[in-house]
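Overview (structure and organization)
Each chain, written out:
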Amino acid sequence: MTDLIQLERQLLARIASADERALEELRVTALGKKGAITELLKSLGTMSPEERKDKGPQFNGLRDRIAEAIAARKAQLEDRVLNERLATERVDVTLPVADVERGIIHPVSQVLDEITAIFADLGFAVAEGPDIEYDDYNFTKLNIPPEHPARQMHDTFYLKPQADGSRHLLRTHTSPVQVRTMLKQQPPIRIIAPGRSYRHDSDATHSPMFHQVEALVIDEETHLGNLRWLIEEFCKAFFEISNVRMRFRPSYFPFTEPSMEVDIGCDRSGNRIKIGDGNDWLELGGSGMVHPHVLELCGIDPKRYQGFAFGLGLDRMAMLKYAIPDIRSFFESDLRWLRHYGFMPLDIPSLEGGLSR
Ligand code: 2NM
């Protein structure tokens, strides 16, 4: 008995001060095939049943406590190594990284950075909001009351009803971000609202999750001439061309009056669409003067202020500018695709540096 206590004390003392190598040696000498404790356990076989009943639990207890002490010491040593590394190692994130370790910028991120640079230069701020929205902000405050037929156009993903019966939804456009901006800020307003939008729709040109940018301008004297100029300047900067042809077709959105689709001149004679040249037209996005009722619902006096808005599909803009054929490939996370269509992380788009180089 005293031998056992002594053995345990000795082992525990040596374990407590062991380094990793000594610890492994201790483990082998105590618990290995020919280890001291293993031998003790083997000796149970030669004992009388009474003696075994007495010694068995003692030996087993000893084995468990020693194994536990070894594991605890091992964890302590590993922690110490890690903490030492954390305390001494430094990463300079401003240094160039090796090619193999470099991330790649997704075309959608690239195009968003380009668009942000263009609008920032024109004095626009970037506004953001949640992907999960109130029905009120996604529809009602945009002049789309419940039962309005335009709700059917949106193929909305709804969440489970709240206790009060209202249903949150995945925003079907980024317009609720404009609603949020108007509710908390009086004009002048100049913002772009980029982000994810969701509609129940999927084929080669539609993804159930897609990206939009919408621009909103509200001031005391804004008119369609401003809207046209803004879209033209934007297109010249984005497509990096000095001339654009544009045309506006009458359209309908509940939140704008009048509403127009914007087409941009292009050439389709080659195997890819070329923006700027040619005699063909390409639909770029929707636009219009913000409906006075929307302004009113969002706390802005429609007698004093007017504004305009337009919306673009970011994914579509990336497809056009960088000749990417299928929108579904954007969200497959295929690294070969990303290496082919992606961009270098440190080439941050700016108007001075050349947008896309
Ligand atoms: C579009 C087309 C036309 C738009 C309108 C508004 C708001 F909030 F001011 F009413 N936000 N976005 C708008 C107008 C969006 O996207 C195709």
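Relevant structure appears above.
Since this is a predicted model, take the numbers as computed values, not measurements. (Residues numbered from 1 in each chain as written. Predicted model: local features only at pLDDT ≥ 70, side-chain atom pairs only at ≥ 80, totals over all residues. Heavy atoms only, no water.)

A few points about unusual backbone geometry
- Here the residue pair Pro 187 and Pro 188 is connected by a cis peptide bond, since its omega of 5° sits within 30 degrees of zero.
- By the secondary structure assignment, Pro 188 is in the loop between helix H8 (175–184) and strand E5 (189–198).
- For the bond from Glu 257 to Pro 258, the omega torsion is -5°, close enough to zero to count as cis.
- Structurally, Pro 258 can be placed in strand E8 (residues 256–267). (Helix = DSSP H or I, 4+ residues; strand = E, 2+ residues; numbered from the N terminus.)

Structural notes on the pairing of strand E6 (residues 209–219)
- Extensive coverage of E6 is indicated by the burial of ten of its eleven residues.
- Two strands pair when backbone bridges link them, and E5 and E6 are joined in this way by ten bridges, in the antiparallel orientation. By the bridge assignment, Pro 194 is partnered in E6 with Val 213.
- Two strands pair when backbone bridges link them, and E6 and strand E11 (residues 306–313) are joined in this way by eight bridges, in the antiparallel orientation. What sits directly across from Leu 216, in E11, is Ala 309. (Buried < 20%, exposed > 50% of the residue type's maximum accessible area, 1.4 Å probe, protein only. Pairing = 2+ DSSP bridges.)

Details of the pattern of salt bridges
- Throughout the structure, instances matching the rule amount to 19 salt bridges.
- Notably, a salt bridge pairs Glu 39 with Lys 42, separated by 3.5 Å at the nearest N-O pair. Remark: Lys 42 and Glu 39 occur in helix H3 (residues 36–43); sequence separation between them is three residues, near one turn of the helix.
- The partly exposed category is assigned to Glu 39, whose relative accessible area is 35%.
- For Glu 233, the salt bridge identified is with Lys 236, shortest N-O distance 3.3 Å. Of the two residues, Glu 233 and Lys 236 are both situated in helix H9 (residues 224–239); the distance of three residues between them amounts to about one turn of the helix.
- Glu 233 gets classed as partly exposed once you look at its relative accessible area, which sits at 26%.
- Residue classification places Lys 236 among the partly exposed positions, given a relative accessible area of 23%. (Salt bridge = Lys/Arg side-chain N within 4 Å of Asp/Glu carboxyl O.)

A word on the side chain of Gln 212
- Structurally, the position occupied by Gln 212 is in strand E6.
- A relative accessible area of 11% means that Gln 212 is categorised as buried.
- One polar contact links the side chain of Gln 212 to the main-chain amide nitrogen of Thr 174, over a distance of 2.9 Å.
- When neighbours within four sequence positions are excluded, Gln 212 is seen to be in contact with His 173, Thr 174, Ala 193, Pro 194, Gly 195, Ser 197, Leu 312 and Leu 314. (Polar contact = N/O pair within 3.5 Å; in protein donor to acceptor, adjacent residues only side chain to side chain. Contact = heavy atoms within 4.5 Å.)

Concerning the packing of H9 against helix H11 (residues 314–322)
- Packing of H9 against H11 leaves a shortest axis separation of 11 Å and a crossing angle of 50°. Here H11 runs oblique to H9, going by the angle between their axes. Contacts between H9 and H11 involve Phe 234, Phe 238 and Phe 239 from the former and Met 317, Leu 320 and Lys 321 from the latter.
- Among the residues forming the contact of H9 with H11, the class breakdown is five nonpolar, no polar and one charged. (Axes fitted to C-alpha atoms, helices over the stretch in contact; angles between N-to-C directions. Parallel < 35°, antiparallel > 145°, perpendicular 65-115°, else oblique. Nonpolar A, V, L, I, M, F, W, Y, C, P; charged D, E, K, R; others polar.)

Section: the packing of helix H5 (residues 107–121) against H9
- H9 packs onto H5 with a crossing angle of 130° between their chain directions and a minimal axis gap of 10 Å. With respect to H9, the axis of H5 lies oblique. Seen from above, H5 lies across H9 with right-handed handedness. From H5, Val 111, Glu 114, Ile 115, Ile 118 and Phe 119 reach across to H9, where they touch Leu 230, Phe 234, Ala 237 and Phe 238.
- Along the lines of polarity and charge, the residues of the contact of H5 with H9 split into eight nonpolar, no polar and one charged. (Left-handed = near helix turned anticlockwise from the far one by under 90°.)

Topic: the sheet that holds strand E4 (residues 167–170)
- Strand order in the open sheet made by the three strands is E2-E4-E3, with antiparallel pairing throughout. Edge positions in the sheet fall to strand E2 (132–134) and strand E3 (158–161), since each of these pairs with one other strand and no more. On average, each strand axis in the sheet is tilted by 30° relative to the strand beside it, whichever way the strands run.
- By the bridge criterion, two bridges tie E3 to E4 in an arrangement that is antiparallel. Following the sheet pairing, Pro 161 is matched in E4 by Arg 167.

Things to note about the site of the ligand
- The immediate surroundings of the ligand are formed by 15 residues, with Leu 142, Gln 178, Glu 214, Leu 216 and Gly 311 found nearest.
- A distance of 3.4 Å separates a nitrogen atom of the ligand from a polar atom in the side chain of Ser 175.
- Coverage of the ligand by the protein chains reaches 94% of its 400 Å² of free accessible surface.
- Tallied by class, the residues present in the shell around the ligand amount to eight nonpolar, six polar and one charged. (Near = heavy atom within 4 Å. Areas by Shrake-Rupley, 256 points an atom, 1.4 Å probe, with all protein chains shown as cover.)

Let's talk about the pairing of E11
- Burial within E11 is extensive, with seven of its eight residues counted as buried.
- Two elements, strand E10 (residues 280–290) and E11, share five bridges in a ladder whose sense is antiparallel. By the bridge assignment for E11, Gly 288 is matched with Ala 309.

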